Amino acid sequence: MLCYSPRVTIVGAGRVGSTLAQRIAEKNLADVVLLDIIPGMPQGLALDLMEARGIETHNRKIIGTNDYADTFGSEIVVIAAGIKRKPGMSRDDLLKTNALIVVEATLSAIARSPDAIFIIITNPVEVITYLARQATSLPRDRIMGMAGVLDSARFQTFIALELGVSPVDVNAMVLGSHGDLMLPLPRYCTVNGIPITELMDAATIERLVERTRHGGAEIVELMQTGSAFFAPASATCLMVEAILRNQSRLLPIAAYLQGEYGLDNICLGVPCRLGCGGIDTVLELNLTDGEMAALHTSAESVRESIERYLG
Ligand code: NAD
């Protein structure tokens, strides 16, 4: 009998990367290779996670390394390496350093796993995903950014808290870029099929939309010395699971657009069908004029950052 375990490499064993490694292993999805630039750190984390296996009752291998040679043959490579946002720092401030780190990491990983699907987490995520795609020439189905699943989960949480219902019953959709110009779409949000517009007044919905737009900053302000990592790891794990289990999930993903929504040559959060080949389809919603204008404003800010970076 052929015994085979899928492998997921995570580059960047910081708070998001290491929490993601834990989620993937404990959900029994794949073996995990955790790579970081700091000597000994991913090895220590991997050993710690391995020592929990008997208690958590799974048998997944977690390998810690500083060497890309150990990442060979991965089905999925997640890039969570970089520096993170500090209070008062915009996502664009991070761009220069993080772009160099991610492009180099993507090229190093692809040399060992030429068929892998890449998920970029590092911020500013749409810009970095665009630059990594450009550097690798990967087809758009195999390179994508994670943000919309997280932003939608935040919107879902705030709706559930406001209504006193389980978040499991709330469906929420957030498109656009991961930042102040993201586009939460109340028209597409329901509680077990009931549109939220029937359950809350417009002012309440607008308050929740604004809280979602500043969801990352709210956590940075509270933590002072860090940024969110539990929910970002959960959101990425959902995407990893959709790919490994070929679930054809319809999720908001930062995808390379080729004319959809009237946008070309840019990465932006749009609804995509995600399965074992990566992004299978980009779904074009019938947006209102106002929603379409907001999506284009969001795209414009991403484009400006790309142009600033490319100089
Ligand atoms: P962190 O500082 O805890 O971890 C980053 C890790 O990357 C560190 O361990 C660092 O040593 C490592 N690293 C730096 N350069 C590297 C290199 N060249 N090769 C390998 N590893 C390298 O940060 P974090 O909280 O885990 O966040 C990671 C990134 O994810 C940040 O850019 C953050 O802004 C971003 N993020 C994005 C989202 C999203 O929705 N897209 C959500 C949360 C965090």
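What you see is a predicted model, and the numbers here were worked out from it, not measured in a lab.

Enquirer: Can you explain helix H6 (residues 148–163)? Please cite residues and give values.
Expert: Counted at 1.5 Å a residue, the expected span for H6 with its 16 residues is 22 Å, and the 22 Å between its end C-alpha atoms agrees. If you check which residues of H6 are buried, you get Gly148, Val149, Leu150, Asp151, Ser152, Arg154, Phe155, Phe158, Ile159 and Ala160. Positive phi shows up at glycine 164, right after H6, with a value of about 65 degrees.

Enquirer: Give a detailed account of the site of the ligand, specifying residues and quantitative values.
Expert: Around the ligand sit 26 residues, and of these Arg15, Val16, Asp36, Ile121 and Met146 come closest. If the ligand stood free it would expose 860 Å²; the protein chains cover 88% of that surface. Cavity membership is defined here by more than half of the atoms lying within 2 Å of grid points; on that basis the ligand lies in the largest pocket. Of all the elements in the fold, those that place two or more residues in the shell around the ligand are helix H1 (15–26) and helix H4 (95–112).

Enquirer: Residues and numbers for the nonpolar core, please.
Expert: The biggest cluster of nonpolar side chains holds 79 residues, and the ones touching the most others in it are Ile10, Ile24, Val78, Ile119, Met239 and Leu274. Examining the composition of this core, we find that 7 residues originate from one element, helix H9 (residues 230–244), more than from any other. When we break this core down by domain, the ones giving at least three residues each are domain 1 (7–145) and domain 2 (148–310). Ignoring any residue separated from it by four or fewer positions in sequence, one finds isoleucine 24 in contact with Val8, Ile10, Leu29, Ala30, Val32, Cys237 and Val240.

Enquirer: Can you explain helix H5 (residues 125–136)? Please cite residues and give values.
Expert: For H5, which comprises 12 residues, the first-to-last C-alpha distance of 16 Å matches the rise-based estimate of 16 Å (1.5 Å per residue) to within 8%. For H5, every residue scored as buried is listed here: Val125, Glu126, Val127, Ile128, Thr129, Tyr130, Leu131, Ala132, Arg133 and Thr136. Buried residues in H5 make contact with H4, strand E5 (117–120), strand E6 (143–145), strand E12 (249–258), strand E13 (264–275) and helix H10 (289–310). One or two positions beyond H5, positive phi appears at serine 137, with a value near 55 degrees.

Enquirer: Give me the packing of aromatic side chains: which residues, what numbers.
Expert: The full count for this structure, using the stated rule, is 2 aromatic pairs. Here the aromatic rings of tyrosine 130 and tyrosine 256 are separated by 6.3 Å at their centres, their planes lie at 40 degrees, and the arrangement is tilted. Residue tyrosine 130 is found in helix H5, and its partner tyrosine 256 is found in strand E12; the two are separated by 126 residues along the sequence. Here tyrosine 256 falls in the buried class, since its relative accessible area comes to 9%. A ring pair is formed by phenylalanine 229 and phenylalanine 230, whose centres lie 4.4 Å apart and whose planes are at 35 degrees; its orientation type is tilted. Taking relative accessible area as the criterion, phenylalanine 229 reaches 12% and is therefore assigned buried.

Cut-off values and rules
Within each chain, residues carry numbers counting from 1 in the order of the written sequence. Where totals are concerned, whole chains, interfaces and linings use all residues; where local detail is concerned, this predicted model gives features only for residues with pLDDT of at least 70, and gives and counts side-chain atom pairs only at 80 or more. Side-chain metrics rest on all non-hydrogen atoms present in the structure, leaving aside hydrogens and water. Under the DSSP-based scheme used, a helix requires at least four consecutive residues in state H or I and a strand at least two consecutive residues in state E, with every element numbered from the N terminus. One less than the residue count of a helix, multiplied by 1.5 Å, gives the span that helix is expected to have. Whether a residue is buried, partly exposed or exposed follows from its accessible area with a 1.4 Å probe, protein chains only, as a fraction of its type maximum: under 20%, in between, or over 50%, in that order. A cutoff of 4 Å decides nearness: a residue is near a molecule or strand if any of its heavy atoms lies inside that distance of it. The Shrake-Rupley method, run with a 1.4 Å probe sphere, supplies the accessible areas, and residue values consider only the shown protein chains as cover. The method works on a 1 Å grid over the protein atoms by themselves. A cavity is a set of points holding a 1.4 Å probe that cannot get out, a pocket is an open set with protein on both sides within 12 Å along at least five of seven lines, and residues with an atom within 4 Å of a point line them. Those molecules having more than half of their atoms within 2 Å of a cavity or pocket grid point set are described as sitting in that cavity or pocket. In this description, a nonpolar core means a group of buried Ala, Val, Leu, Ile, Met, Phe, Trp, Tyr and Cys residues linked to one another through side-chain atoms lying within 4.5 Å. Domains are outlined according to an automatic or database domain assignment. Whether two residues are in contact is decided by their heavy atoms: any pair within 4.5 Å suffices. Pairing of aromatic side chains here covers Phe, Tyr and the six-membered ring of Trp, requires ring centres within 6.5 Å, and sorts the geometry by plane angle: under 30 degrees stacked, over 60 edge-to-face, intermediate tilted.

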